[in-house]
Amino acid sequence: GENVEQHPSTLSVQEGDSAVIKCTYSDSASNYFPWYKQELGKGPQLIIDIRSNVGEKKDQRIAVTLNKTAKHFSLHITETQPEDSAVYFCAARYNKLIFGAGTRLAVHP
Amino acid sequence: DVKVTQSSRYLVKRTGEKVFLECVQDMDHENMFWYRQDPGLGLRLIYFSYDVKMKEKGDIPEGYSVSREKKERFSLILESASTNQTSMYLCASSLVPSGGEETQYFGPGTRLLVL
């Protein structure tokens, strides 16, 4: 069945460093790839997304890249700040959204 | 701003009890979803609904049922709660996807403990 794998499960960085979270998907028909951020005590919230006809998208300190051939997509956060600490979920969609298992990012001052 | 509310943030129930989790959205979204969130397993889809009185099974529907009598409200029902249903339950809503894009708006979650 459709599957999205996400790595790493936990990530610890120093403030100001970059963080990269990687996902792979199984359904080659997937055409939409959102990333969600879940802060403590809250539900996940969309932070950035990318469509299959685009290779890269940036929004200030966050960027997402997509390699359709390899069925990989990644989230890049530059100049990390303590408020970036959260759980991040990738997802892939064809008929429905399939979520990865999540990455707990900790940014230490 | 889209708002998705869930009736309880924390709930403690006993094995065998019937449990109702309520979700309400205020943006006239057609689609509503129930997920459970467990460490290391991410978000797993339990049930979803594309319209009033319509429901579809997700990936893990066993032990659950749903009800959607009004467009804005989607209820998750645990007919006879069991300890393995202890989890965080998340409700979400979305518009009909356009061009493949779909933004789901999540509620804050209900943390359910079944003793």
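What this report covers is the structure whose coordinates are included nearby. Fair warning: this is a prediction, and the values are worked out from it, not measured in the lab.

1. Here we look at the sheet that holds strand β3 (residues 19-25) of chain B
Residues and elements named next belong to chain B. Judged by pairing direction, the sheet is antiparallel, and its four strands sit side by side in the order β1-β3-β8-β7 without closing on themselves. In the strand order of this sheet, the two ends are held by β1 (4-6) and β7 (64-70), each with one partner. Each strand axis lies, on average, 20° off the axis of its neighbour in the sheet, ignoring direction. Both β3 and strand β8 (residues 73-78) contribute to a ladder of six bridges, which runs antiparallel. Looking across to β8, one finds that C23 is bridged to F74.

2. What to know about the state of the cysteines
Residue and element names in this part refer to chain A. Throughout the structure, instances matching the rule amount to two disulfides over all chains. At a sulfur-sulfur separation of 2.0 Å, the disulfide partner of C23 is C90. Every disulfide takes its handedness from the sign of the S-S torsion; for C23 and C90 that torsion is -100°, giving left-handed. Placement of the pair is C23 in strand β3 (residues 19-25) and C90 in strand β9 (residues 86-93), with a sequence separation of 67 residues. This pair shows no difference in class: C23 is buried, exactly as C90 is.

3. Digging into the pattern of salt bridges
The full count for this structure, using the stated rule, is 11 salt bridges over all chains. Linking D49 of chain A and K57 of chain A is a salt bridge whose minimum nitrogen-to-oxygen distance equals 2.9 Å. On the accessibility criterion, K57 of chain A (36% relative accessible area) is partly exposed. A salt bridge links E69 of chain B to K53 of chain B; its shortest N-O distance comes to 2.4 Å. Residue E69 of chain B is found in strand β7, and its partner K53 of chain B is found in the loop between β5 (42-49) and β6 (56-57); the two are separated by 16 residues along the sequence. On the accessibility criterion, E69 of chain B (52% relative accessible area) is exposed. The network of salt bridges with shared partners includes K37, E39 and K42 of chain A.

Parameters and conventions
Residues numbered from 1 in each chain as written. Chains lettered and ligands numbered in written order. Predicted model: local features only at pLDDT ≥ 70, side-chain atom pairs only at ≥ 80, totals over all residues. Heavy atoms only, no water. Pairing = 2+ DSSP bridges. Helix = DSSP H or I, 4+ residues; strand = E, 2+ residues; numbered from the N terminus. Axes fitted to C-alpha atoms, helices over the stretch in contact; angles between N-to-C directions. Disulfide = S-S within 2.5 Å. Buried < 20%, exposed > 50% of the residue type's maximum accessible area, 1.4 Å probe, protein only. Salt bridge = Lys/Arg side-chain N within 4 Å of Asp/Glu carboxyl O.

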